[in-house]
Amino acid sequence: MDDIVLPRMLHAAFVRSPHAHALVRHLDTARGRELDGVVAVLGPDDLGAAALSPRLSGGGFTSTAWPALAREPRFCGEAVAMVAATSAYAAADGVERVDVDYDVRPACVTLEQAWRDDAVLFRRSHRRGDVEAAFAGAAVVLSEAFTHGRLTASPLEPRGTVAAWDGETLTVWASSQTPRIMRTALATALRLDESRVRVIAPDVGGGFGLKMHVFPEDVAVATLARRLGRPVKWIETRRENLMAASQAREQRVEVDLAANAGGRVQALRARVVSDAGAYHIYPITGILEALGTANILPGPYLTPTYAFEAIALATHKPPLGAYRGVGMTMGAFVMERLLDLLAARVGLDPAEIRRRNLIPREAYPHVSPSGMRYDSGDFPKALEQALAAADYDGLRRGQAAARARGRLVGIGLACYTEYTGMGSEVFRGRGMDDVPGIEAASVRVDPDGSVRCATSFPSQGQGHATTIAQVIADRLGVPLDRVRVEPTDTRSAPLGSGTFGSRGAVSIGGTVVTATERLRPKIQTLAAHLLEASAADVVLEDGHAHVRGFPQRAVTLADIARAAYAPPSGLPPDIEPGLEATVSFDPPGPTFSGAVHVALVEVDPDTGRVTIPRYVVVEDCGPVVNPTIVEGQIHGAVVQGIGEALLERIVHDAAGQPVTGTLMDYALPTAGDAPPSFEIGHLETPSPLMPGGIKGMGEGGTIGAPAAIANAVADAVAPLGVAITALPIVAERLARPPHHPQRKA
Ligand code: MCN
């Protein structure tokens with residue numbers, strides 16, 4: 001985003017609260033204004049009531065309003081003032097010269113404190129079957145509490161927004177996964193018609209869920225650009241990203257499991273509590289971790305009865321938002337750890353306990369005890385495929401030999417199912433009124449025969465441009481280099497929602513493929529008209545249309561397109577001029593994809609460092625559209641999952657001060673933390689719901705890896721009696737206590 005430079009552009013920087021909770025008593029902007037290059041300094045009073053207040057219907061919800069600039073900052077790092085200057089350096093210097101007098105208030109930083117304060121932002125419960133009777137009659141009951149720390153999505157490119165006002169229209173370039181949602185939010189905050197707000201998402205340097213949100217900084221930058229009549233740019237620093245962007249996961253799950261003596265699960269009872277931070281995030285609100293975990297907890301396992309309570313509490317920390325695998329990662333971690341604990345209790349191997357509980361293929365479509373309809377899957381087969389690929393028995397023999405030599409080697413399994421490709425019904429069902437849920441694309445053949453595609457769902461590295469271009473090239477018979485996929489621009493792209501929740505592949509199927517299917521017969525009819533042949537005999541290939549069996553009787557796609565826009569001698573009957581199709585699609589899902597992960601780990605007893613010599617994945621996303629992309633997505637997501645399992649932790653101290661303000665403190669995984677290779681197998685159970693049977697998979701690795709690694713580490717350290725119930729499993733928790741020579745008294 002920083003590459004965007006506009007004439008007369010100003011640079012914005014934010015003054016951020018150094019306190020987790022305070023009241024701005026006085027803001028002195030005079031010294032800031034005096035500085036060379038500083039054009040404006042604004043405080044909360046200057047931006048009025050501009051705030052982001054996402055909606056959630058369905059009850060149990062307490063709304064919040066996250067102001068563009070806060071008078072009462074509610075987390076350390078929240079913006080209280082902004083400086084606009086002719087250079088980014090002058091803006092940063094200006095920030096240093098804004099004097100703020102704070103009245104510091106007590107901060108609520110932990111879930112325990114939030115409980116005491118009764119700071120409930122959301123609460124919903126669910127029950128299916130006679131859970132109490134199942135517990136009363138159970139041979140085995142396990143009760144455990146699992147926790148997950150805070151982390152953050154860490155896109156390579158932090159947030160960035162450029163806004164320009166031309167007196168009529170607000171144009172915003174944003175590093176956003178959801179330009180259309182941002183357009184609605186900005187139009188509402190600035191009280192403009194949506195048609196007067198244009199949001200463009202050029203190349204986005206990673207999003208991972210963080211950039212599906214709209215933030216106060218976006219509102220502040222847009223407001224300032226309009227007020228000053230000059231373009232304004234804000235590029236987030238890494239420090240701001242770690243301190244003030246949305247964060248993820250922080251959760252505690254108290255869970256009871258009932259099983260019979262054969263290790264078959266009879267009931268689950270869970271209380272899922274997440275720390276949603278200071279405000280609900282726009283547009284999804286702060287419910288997704290708690291509700292997502294609670295809903296997916298039974299995973300791909302037969303669970304006859306289930307009751308849950310999902311709760312989101314408010315603390316003085318940054319808002320909790322979406323991050324790859326939201327809700328589902330914790331769900332898989334809890335369920336997979338529970339199954340290993342159950343296996344140990346009833347004396348079964350972890351593979352066997354899963355065999356006894358996985359939903360058999362014949363039982364699909366299967367309604368889960370949380371009420372979700374699993375459309376397709378074959379986990380028993382995926383498990384056997386993964387065990388065979390890993391040579392599970394061989395791994396166990398190797399582990400026994402290693403243990404005999406005192407080494408801490410462990411093997412972990414994880415099976416998860418994942419909701420993907422959701423449409424409006426899911427978002428309405430959750431009550432998320434600010435998430436439309438539909439997608440759209442238009443495909444146009446221009447008069448020179450080149451093809452353009454505009455979609456409502458921008459790519460942040462998922463390879464949409466490649467996949468879309470391939471789909472169009474294949475179906476319209478044009479060379480790949482004649483197809484251009486445009487960055488999403490709300491002015492030229494049809495309206496949808498954006499890229500999140502692994503909906504891209506399904507949306508490509510429902511929009512781009514359908515659009516090409518509408519165009520193809522029209523192209524054939526036009527070609528037939530030009531070639532004086534029957535449309536049924538027209539073959540589209542390599543940018544040409546020819547009569548079957550007569551390759552020399554051909555016209556180019558450019559000839560056809562020119563005829564469509566400037567008909568040479570009229571058009572065939574019932575054919576409208578022009579050669580483009582726009583398709584809106586409401587995915588009928590969710591469709592459920594999933595995978596089985598097998599991790600082999602070794603723990604260094606002196607340092608606690610975990611290495612992963614082998615990693616096996618067998619995934620099922622239905623028919624794979626682009627195998628290279630799918631495998632790349634798995635590699636990236638598993639490495640993110642390794643970070644989540646072992647390294648990444650946003651830490652706030654007791655006063656709510658973030659102490660992980662740089663990437664020296666917040667440990668991201670690097671190549672050295674990844675396994676030497678990934679062994680990936682595929683299994684295809686097509687979705688009966690989706691065009692082409694396609695299911696999403698972009699989040700999968702991040703869902704499966706923490707669970708598999710946690711189980712593997714737990715297995716490795718079992719001889720030491722270390723319990724693994726919390727993520728991340730940082731090295732210091734596993735290391736042998738340093739040997740301190742006894743001091744003489
Ligand atoms: N694909 C395929 N065949 C399938 C399923 C998917 O070829 N059966 C391809 C798709 O065409 C697409 C990719 O795999 O190119 C991912 O598709 P999908 O699972 O539908 O996910 P989305 O396109 O909706 O991407 C979103 C997903 C999410 S939710 C996050 S978070 C995430 C992720 O993708 N953020 C990413 N992967 C990311 N990858 C990168 N590099 N950067 C991010 O920010």
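This text goes with the structure placed above it.
Residues numbered from 1 in each chain as written. Predicted model: local features only at pLDDT ≥ 70, side-chain atom pairs only at ≥ 80, totals over all residues. Heavy atoms only, no water.

1. Here's the deal with the sheet that holds strand β21 (residues 451-455)
Piece 1. Taken in spatial order, the 4 strands of this open sheet run β22-β21-β20-β27, and their pairing is mixed. The outermost strands of the open sheet, each flanked by one partner alone, are β22 (483-485) and β27 (580-585). Taking the axes of each pair of neighbouring strands and ignoring which way they run, one obtains an average angle of 15° across the sheet.
Piece 2. Pairing of β21 with β22 involves 3 bridges; the strand directions are parallel. The residue bridging R452 from the neighbouring strand is R484, located in β22.
Piece 3. With respect to the sheet, helix α14 (residues 464-476) is in contact with β20 (439-445), β21 and β22, its orientation differing from that of β22 by roughly 145°.
Piece 4. Each of β20, β21 and β27 is contacted by helix α16 (residues 557-565), which is oriented at about 100° to β20, the strand it contacts most. (Pairing = 2+ DSSP bridges. Helix = DSSP H or I, 4+ residues; strand = E, 2+ residues; numbered from the N terminus. Axes fitted to C-alpha atoms, helices over the stretch in contact; angles between N-to-C directions. Contact = heavy atoms within 4.5 Å.)

2. A few points about the nonpolar core
One recurring pattern in soluble globular proteins: nonpolar side chains tend to sit buried together.
Piece 1. Membership of the largest hydrophobic core comes to 177 residues, with the highest contact counts inside it found for Y615, I709 and V713.
Piece 2. Contact partners of V713, with chain neighbours within four places excluded, come to V601, V603, V610, L646, I724, I729 and L734.
Piece 3. Core analysis: the second largest hydrophobic core is formed by 37 residues, V471, I523, A564 and A581 among them. (Core = buried A, V, L, I, M, F, W, Y, C linked by side-chain atoms within 4.5 Å. Buried < 20%, exposed > 50% of the residue type's maximum accessible area, 1.4 Å probe, protein only.)

3. Digging into the pairing of strand β12 (residues 197-201)
Piece 1. Most of β12 sits out of view: 4 of its 5 residues are buried.
Piece 2. Pairing geometry for strand β11 (residues 170-174) and β12, over 4 bridges, is parallel. In the strand pairing of β12, V172 is matched with V199.
Piece 3. Crossover connection from β11 via helix α5 (residues 179-190) to parallel β12: handedness right-handed.
Piece 4. Judged from the 2 bridges that link them, β12 and strand β23 (residues 488-489) form a sheet pairing that is antiparallel. Along β23, the bridge assignment pairs I200 with D489. (Right-handed = clockwise from strand over helix to strand, strands pointing away.)

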